[in-house]
Amino acid sequence: MGVKLKITGSVAYTNGKVITIPSLDFNDERAVKCSYGYLAHEGAHCRYTNFPYLMSHNIKGDLLKHTIMNILEDSRIEKIMGRNYIGVYENLKWLNSYLNEEAKKNGYLDNLNKLGVYKLATGYMSSYTLNHNNKYDDEYDFESKIRTELVNTYGVKFANELDKLLDNVPSARSTEDLMPTVEKIEKLLLSANIVSSKQEQEDNNFENNAVAQHEYDKIISAAGRPTTKQQENKIMQIAKGIT
């Protein structure tokens, strides 16, 4: 596929041509496992996300639609990647579990009532799809608690309507297939006035922050560059295997 790999910075992302994963301490076993998960996730975007289609629809010009698409597409491409490559599902699930634990340590679930409307809604969409579509059981606790806060704020009817739309994700076979669901969810959120300031959307938009991983509140901190060339070469070899 001709995809290049960079190891730098503190977040993982891709534009379909270059994959960037965080610069971590690969003497730490957890960091190595995280790198496998990051490579699998970003490699899945390179292989299964239709970037030209998204560009032709100027999706970055609509921050809310862009965020919704990214959340649903993350779930879709991870499911395909985990199904098609032996061992990748375990790597993706491990990364998700690790990031969830970091989020819990940072008090994410204890401060749901302090989240802005945008974070609450988008956080719920991410947890719901990763739980139901990807079968990441660690997401159950997140989904359940965020849903309770969502219902308290917007009512059970709204939550049920959102659930019904999110249930379309497993049947989507392509990026294009997701667009009708994305547009319906955007319409639902707009009808409920779940649109915060443009600044909040920009601050939490995955691509605008160069973040293309599970949830914006679940970012692993950087811990230094690979300590040996051999370690860096191993990561490169893994990347070539999935891209």
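Each remark here, short or long, concerns the structure printed above.
**Section: the overall build of the protein chain**
Then comes step 1: On a plain count of helices and strands, the protein chain comes out with 10 helices and 3 strands.
Then comes step 2: Mapped in sequence order, the helices and strands of the protein chain form the string β-β-β-α-α-α-α-α-α-α-α-α-α.
Then comes step 3: With 243 residues in all, the protein chain has 53% of them scored as buried.
Then comes step 4: Put simply, of all contacts in the protein chain between residues at least 6 apart along the chain, 74% involve residues at least 24 apart.

**A look at the environment of I80**
Then comes step 1: Mapping I80 onto the fold places it in helix α3 (residues 63–84).
Then comes step 2: When the C-alpha positions of I80 and Y48 are compared, they lie 8.3 Å apart, and in sequence the two are 32 residues distant.

**Some words on the nonpolar core**
Then comes step 1: The biggest cluster of nonpolar side chains holds 34 residues, and the ones touching the most others in it are I68, L72, M125, L162, L166, I185 and L189.
Then comes step 2: If you list the elements that add at least two residues to this core, you get α2 (51–56), α3, α5 (117–132), α6 (139–154), α7 (156–166) and α8 (175–191).
Then comes step 3: In this view, L166 contacts L72, Y124, M125, Y128, T129 and I185; residues no more than four positions away in its chain are not counted.
Then comes step 4: Grouped together as the second largest cluster of nonpolar side chains are 18 residues, C34, Y36, C46 and L99 included.

**Things to note about the pattern of salt bridges**
Then comes step 1: Considering all chains together, one arrives at 10 salt bridges under this definition.
Then comes step 2: Here E29 ties to K33 by a salt bridge, and the two come within 3.9 Å at their closest N and O atoms. Of this pair, E29 and K33 both sit in helix α1 (residues 29–48), 4 residues apart, which is roughly one turn of that helix.
Then comes step 3: A relative accessible area of 57% means that E29 is categorised as exposed.
Then comes step 4: Using a relative accessible area of 32% as the deciding quantity, one classes K33 as partly exposed.

**A word on helix α4 (residues 88–105)**
Then comes step 1: Between its first and last C-alpha atoms α4 spans 26 Å; for 18 residues at 1.5 Å apiece the expected length is 26 Å, and the two agree.
Then comes step 2: A positive backbone phi angle near 80° is found at G107, which sits one or two residues after α4.

**A short note on the packing of aromatic side chains**
Then comes step 1: Applying the stated criterion to the full structure yields 5 aromatic pairs.
Then comes step 2: Ring geometry for W94 and Y98: centres 5.4 Å apart, planes at 10°, overall stacked. Of the two residues, W94 and Y98 are both situated in helix α4; the distance of 4 residues between them amounts to about one turn of the helix.
Then comes step 3: Among the residues examined, W94 registers a relative accessible area of 25% and is labelled partly exposed.

**Some remarks on the pairing of strand β1 (residues 4–7)**
Then comes step 1: Side chains of β1 alternate between two faces, with L5 and I7 buried and K4 and K6 left unburied.
Then comes step 2: Across 4 bridges, the pairing between β1 and strand β3 (residues 18–21) is parallel. Its bridge partner lying in β3, K6 is registered against T20.

**Comments concerning the sheet that holds β1**
Then comes step 1: Strand order in the open sheet made by the 3 strands is β1-β3-β2, with mixed pairing throughout. With partners counted over all chains shown, the strands left at the sheet margins are β1 and β2 (13–14), one partner each.
Then comes step 2: Packing of α1 onto the sheet brings it into contact with β1, β2 and β3, and relative to β3 it is tilted by some 155°.

**Remarks on α5**
Then comes step 1: The end-to-end C-alpha separation of α5 is 23 Å, in line with the 22 Å expected for 16 residues at 1.5 Å each.
Then comes step 2: Among the 16 residues that make up α5, 13 are buried, leaving the element largely enclosed by the rest of the structure.

Reading guide: rules and limits
Residues numbered from 1 in each chain as written. Predicted model: local features only at pLDDT ≥ 70, side-chain atom pairs only at ≥ 80, totals over all residues. Heavy atoms only, no water. Helix = DSSP H or I, 4+ residues; strand = E, 2+ residues; numbered from the N terminus. Buried < 20%, exposed > 50% of the residue type's maximum accessible area, 1.4 Å probe, protein only. Contact = heavy atoms within 4.5 Å. Core = buried A, V, L, I, M, F, W, Y, C linked by side-chain atoms within 4.5 Å. Salt bridge = Lys/Arg side-chain N within 4 Å of Asp/Glu carboxyl O. Expected span 1.5 Å × (residues − 1). Phe/Tyr/Trp six-rings, centres within 6.5 Å; stacked < 30°, edge-to-face > 60°. Pairing = 2+ DSSP bridges. Axes fitted to C-alpha atoms, helices over the stretch in contact; angles between N-to-C directions.

By themselves these figures say nothing about function.
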